[in-house]
Amino acid sequence: MSDPLTFADARTLQQQGDIGRFIKHHMTEARRAAAHRRGLVLRYPDLAAQLTQHPINHSSPEKWNGYIPPATDCTGAMNTARCRPALLTLVAEAERRQSQPRDTATGLEEAA
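Residues numbered from 1 in each chain as written. Predicted model: local features only at pLDDT ≥ 70, side-chain atom pairs only at ≥ 80, totals over all residues. Heavy atoms only, no water.

Draft legend 1. Region of the structure containing the pattern of salt bridges. Inspection of every chain in the model, using the stated rule, returns five salt bridges. Arg-21 is the partner of Asp-18 in a salt bridge, and the nearest nitrogen-oxygen pair spans 2.9 Å. What makes Arg-21 exposed here is its relative accessible area of 59%. The closest approach of N and O atoms between Arg-97 and Glu-93, which form a salt bridge, is 2.8 Å. Taken together, the residues span about one helical turn, with Arg-97 and Glu-93 both in helix H4 (residues 83-99) at a distance of four residues. For Glu-93, a relative accessible area of 21% corresponds to the partly exposed category. Because the salt bridges share partners, they merge into one network encompassing Asp-46, Glu-93, Arg-96 and Arg-97. (Salt bridge = Lys/Arg side-chain N within 4 Å of Asp/Glu carboxyl O. Buried < 20%, exposed > 50% of the residue type's maximum accessible area, 1.4 Å probe, protein only. Helix = DSSP H or I, 4+ residues; strand = E, 2+ residues; numbered from the N terminus.)

Spelled out as C-alpha cells, the structure:
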C-alpha cells in the first residue's frame with residue numbers, strides 16, 4: 001500500500017494540473033480491484049452464499065460489487081464496519097483456493 005496523500009501532495013498535483021489524472025487513475029484501479037475480488041468470490045458458490053449472511057447481509061451474492069470498506073476513515077480512525085473483516089476473510093479464502101492445485105481426486109477421475 002502506498003503512503004497516504006498529504007494536503008501538500010494534493011496542492012502540488014493541483015498546481016501541476018495533474019489532480020484529475022491522479023483521481024481518474026486511482027478510481028480506475030479501485031474499480032479493477034473490486035471487479036477482481038467480486039469475480040474471485042463469486043466463482044465459489046459456498047463463499048458467494050456467505051455474502052448474504054450476517055454481517056455482510058447482501059440480498060443476493062450478485063449485488064456485491066467487490067468493494068471492501070477501507071481500514072481507516074478519512075480522519076485516520078479505525079473503520080469498525082462489521083462487514084470489513086468478513087469480506088476480507090472471504091476474499092482471502094477465494095485467493096487461497098485459486099492458488100491451490102486442483103483436487104487430486106478430480107485429477108485422477110479425469111485421467112481415467
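Draft legend 2. Structural view of the nonpolar core. Ranked by internal contacts, the top residues of the largest apolar core, which has 13 residues, are Val-41, Leu-51 and Trp-64. Mapped by element, the contributors of at least two residues to this core are helix H2 (19-42) and H4. For this core, the leading source of residues is H4, giving five residues. In contact with Leu-51, not counting residues within four places along its chain, are Val-41, Leu-42, Ile-56, Asn-57, His-58, Pro-61, Trp-64, Leu-87 and Leu-90. (Core = buried A, V, L, I, M, F, W, Y, C linked by side-chain atoms within 4.5 Å. Contact = heavy atoms within 4.5 Å.)

Draft legend 3. Quick peek at the side chain of Arg-37. Considering the arrangement of structural elements, one finds Arg-37 in helix H2. For the buried Arg-37, no salt bridge is present, and the opposite-charge side chain at shortest range is Glu-95, 7.5 Å distant. The contact partners of Arg-37, leaving out residues within four places of it in the chain, are Trp-64, Gly-66, Tyr-67, Ile-68 and Val-91. (Lys, Arg positive; Asp, Glu negative; His and termini not counted.)

Draft legend 4. Seen up close, H2. Between the first and last C-alpha of H2 there are 34 Å, a value that for 24 residues agrees with the 34 Å anticipated at 1.5 Å per step. Taken together, the buried positions of H2 are Ala-34, Arg-37, Leu-40 and Val-41. Looking at the buried residues of H2, the elements they touch are helix H3 (45-50) and H4. (Expected span 1.5 Å × (residues − 1).)

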